[in-house]
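Okay, here's what each chain looks like letter by letter:
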Amino acid sequence: MIRKIFVFLAWIAVAGYCQVPADDLERLAESDETVDDNSLFEQLDQLARRPIDLNRATTQELAELPIPSVVSAKILNYRIKHGPFQSIEDLLKIRGLSAYLPQIQPFIVIEPPAAKIHASGRHRLRNKTAKSSDQFFLASQVYNRLRVEWKKTACGILIEKDAGEAAFDDFVTGHIISEPVTGMRIILGDYTVEAGRGLVFGGPFSLPLGTDPMTPAKLKRTGAFPFLSANENFPFRGAALQFHRGPLLLCVFGSDKRRDASIEEGQVVSLPEDGLHRTPAELRRRKALRECSEGMALLYNPFQNLRLGAATLQNRFFAPFADEEYGKPRKFTGNKNRLGSLFGEFILEDVALFGEAAWCMAGGTAWTFGALGNGADYDWILIRRRYSPDFFSFYASAFGEPKANNQEGFYLGGEYRLSPVLQASFYYDQAKKMSVFQPSGAIGDVLMIGLQAKFSKMTVRSRLKLRKRSENVKTLDKFGNLVSAEAEEQRGTWRTEMEVRPHRFITVRNAVELSFASRATRRLGDGSLLSCRLQMNMRSLRMSVGSSFFDASNYALRFYQPESDFPGALPLVMLYGQGVRSYAVLAAKIFALTLSAKYEQTVYRYRPAGGNDDNRRISLQMDWQW
């Protein structure tokens, strides 16, 4: 093992002479858990197509940028004090914004182009190598999306099926959005609602703990937004009406939809969220439960740096929930749920104070409060949270535990720019279960320490991540029966990555990652990952090839590797077992048409029971715009 690492690091030194800087999205998605970042990509894709005019943007519009609210406030205050921006480079005059400029530059403009009709489409096919032609369609994932925009009106439709699903239109979503007058927005079809810190309504920036310590600071939008993502059970379906006049924003909505559910003897046992409908059991739960929802989100800005708001939501299900979920007490019973919350944020120069408190009809409460700061050389954030066992929200996307239930803890993170070249980052998160009788999410402690050195043509990143959590494991009792029990698991990963760009068209990224794990008093072993990626970006041609050599004999040692893919997708591939993962991507742009192809293959030397069996897959994608 040591010899492999030594040889690989020596090869990195040679390859350094002949990497594209790391994509900020890739840094955001890197995590210890599987991440469905489709909603996040949709939000950023929408911003890229309709960038924000810095000289006309309101506080609410600036809140859509992936930066902390204290940084958004600095942009608005600078414009009020110094007048309109003359160029994007004027943002560098704002204290503490230089570190965020590369992240928001694709989403901002000074003079937006004249409004015109714009149409775009994306068509994707992913296919595992089928043994016969009649299995080709069944083994394929098919994705078709169409958007049309004209002035203040837009519509979109998405038709998608996963591999193994027989129906071409297994999932269909779409919307029509119009702004008939200034300050009014109407959405018909599928949409999402966001407000506060995610205790009632969530957003796409509520991701598992990755490598960016400031990600929790980016959950700050309020209102209704069109939905065009493949997360099948997430959106509302109906109508939303939003008014924005002066300091007041009001959003009211109603929804009537059917969602996946496992129903036994007339009672809801569980609500699957994977959206898969392949087997007879999965087909029986498809759209089995009708749900009606209504609610509102209110935001009031009495002063430039003060935001106050409220949110309410009522869910009605046409079947009651069972008292137990597969033998465990349920967090929610009955067929109706009502929630309400109050939230606010106060910004004072470089510091912002924020919080949200929520309650539900069962008597449960949840709250989260925190502070964040932004200076010329630093960013920091502190969050304290508490979600009681009898609080439950179906559309929450709160920090620490997406469903905001049975957990309390705190989070401290920050970044410090030691010099123009060197940057350090860290976060520490602690989560405790409030009731041992109720199920809960990720419980335990997580510590991440990172260091980045960025030179003119080379960037080196290194991070250490340690995790101690209680996990549900299968063990044998004294009678030899298989039972579930909680055991403390300790897991650590160390990853070092070097990215070199010898030419403006060529990027090479090489990485080495080590992992270790132990459970109770038993050591589970060590794992290793060696990867390399070569990428070429020219005006009308893009090519990317990569390989990863992995050795993770135990599931606890698994690796999650971000992988280059098509526009609008960034898969986080789980590597488990022992073998080699390779892929190649080729994309060519011909006028308004972009054609992409990808071949990926995993060759195993050793594959444990239940390991990843996705050996070979071919993918094609066509993007067009008019």
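Above this note sits the structure.
Residues numbered from 1 in each chain as written. Predicted model: local features only at pLDDT ≥ 70, side-chain atom pairs only at ≥ 80, totals over all residues. Heavy atoms only, no water.

Below, the discussion takes up the overall build of the chain. For the chain, the count of helices and strands is seven helices and 33 strands. Carbon and sulfur atoms provide 60% of the accessible area of the chain, an area that totals close to 28900 Å². (Helix = DSSP H or I, 4+ residues; strand = E, 2+ residues; numbered from the N terminus. Areas by Shrake-Rupley, 256 points an atom, 1.4 Å probe, with all protein chains shown as cover.)

One ladder, built from four bridges, connects strand 6 (residues 171–178) with strand 7 (residues 184–194); its direction is antiparallel. Bridging from a neighbouring strand, His-175 pairs with Gly-189 of strand 7. Count of turn residues in the strand 6/strand 7 antiparallel hairpin: five residues, of which Gly-183 carries a positive phi of about 90°. Note: strand 7 against strand 9 (residues 236–245), eight bridges, orientation antiparallel. Across the sheet, residue Asp-190 finds its bridge partner in strand 9, namely Arg-237. (Pairing = 2+ DSSP bridges.)

This brings us to the side chain of Arg-185. In this fold, Arg-185 is placed in strand 7. For Arg-185, the side chain forms a polar contact with the main-chain oxygen of Ala-224, separated by 2.9 Å. (Polar contact = N/O pair within 3.5 Å; in protein donor to acceptor, adjacent residues only side chain to side chain.)

On to the nonpolar core, then. Judged by nonpolar contacts, the single largest core of 40 residues is most densely connected at Leu-54, Ile-75 and Leu-91. Contributing elements (two or more residues each) for this core: helix 3 (38–49), helix 5 (69–82), helix 6 (101–104), strand 18 (351–360), strand 20 (378–387) and strand 23 (444–454). At six residues, helix 5 tops the list of elements feeding residues into this core. (Core = buried A, V, L, I, M, F, W, Y, C linked by side-chain atoms within 4.5 Å. Buried < 20%, exposed > 50% of the residue type's maximum accessible area, 1.4 Å probe, protein only.)

Attention shifts here to the pattern of salt bridges. Counted by the stated rule, this structure contains 31 salt bridges. Across the pair Glu-194 and Arg-221 runs a salt bridge whose closest N-O atoms are separated by 2.4 Å. Of this pair, Glu-194 sits in strand 7 while Arg-221 sits in the loop between strand 7 and strand 8 (223–226), and the two are 27 residues apart along the sequence. A relative accessible area of 9% places Arg-221 in the buried class. Each of the salt bridges in this network shares a partner with another, and the network as a whole consists of Arg-461, Arg-495, Glu-497, Glu-499, Arg-509 and Glu-513. (Salt bridge = Lys/Arg side-chain N within 4 Å of Asp/Glu carboxyl O.)

The next point concerns the environment of Ser-547. Following the sequence through the fold, Ser-547 ends up in strand 28 (residues 541–552). Among the residues examined, Ser-547 registers a relative accessible area of 25% and is labelled partly exposed. Residues Ser-547 and Glu-563, 16 residues apart in the sequence, show an inter-C-alpha distance of 9.8 Å. In this structure Ser-547 touches Leu-530, Ser-531, Cys-532, Arg-581 and Ser-582, once residues within four positions along its chain are discounted. In this structure the side chain of Ser-547 is engaged in a polar contact, spanning 3.2 Å, whose partner is the side chain of Ser-582. (Contact = heavy atoms within 4.5 Å.)

Before going further, it helps to spend a moment on the pairing of strand 14 (residues 306–321). Note: strand 13 (residues 289–303) against strand 14, eleven bridges, orientation antiparallel. Bridge assignment links Ser-293 to a residue of strand 14, and that residue is Asn-315. Hairpin connection from strand 13 to strand 14: two residues lie between these consecutive antiparallel strands. Where strand 14 lies against strand 17 (residues 334–348), twelve bridges are found, and the strand directions are antiparallel. Counted as the bridge partner of Ala-310 is Leu-342 from strand 17.

Helix length check: helix 5 (14 residues) gives 20 Å between terminal C-alpha atoms against 20 Å at 1.5 Å per residue, within 8%. Summarising burial for helix 5: ten of the 14 residues are buried, a large majority. Every buried residue of helix 5 is listed here: Ser-69, Val-70, Val-71, Ser-72, Ala-73, Lys-74, Ile-75, Leu-76, Tyr-78 and Arg-79. Where the residues of helix 5 are buried, they touch helix 4 (59–62), strand 17, strand 18 and strand 19 (365–374). (Expected span 1.5 Å × (residues − 1).)

Turning next to the packing of aromatic side chains. According to the stated counting rule, one finds 16 aromatic pairs in the structure shown. Relative to Phe-321, the ring of Phe-317 lies with its centre 5.1 Å away and its plane at 75°, an arrangement referred to as edge-to-face. The exposure class assigned to Phe-317 is buried, which follows from its relative accessible area of 3%. Just above the ring of Tyr-583 sits the side chain of Lys-598; from NZ or CZ to the centre is 5.3 Å. (Phe/Tyr/Trp six-rings, centres within 6.5 Å; stacked < 30°, edge-to-face > 60°. Lys NZ or Arg CZ within 6 Å of the ring centre and 35° of its normal.)

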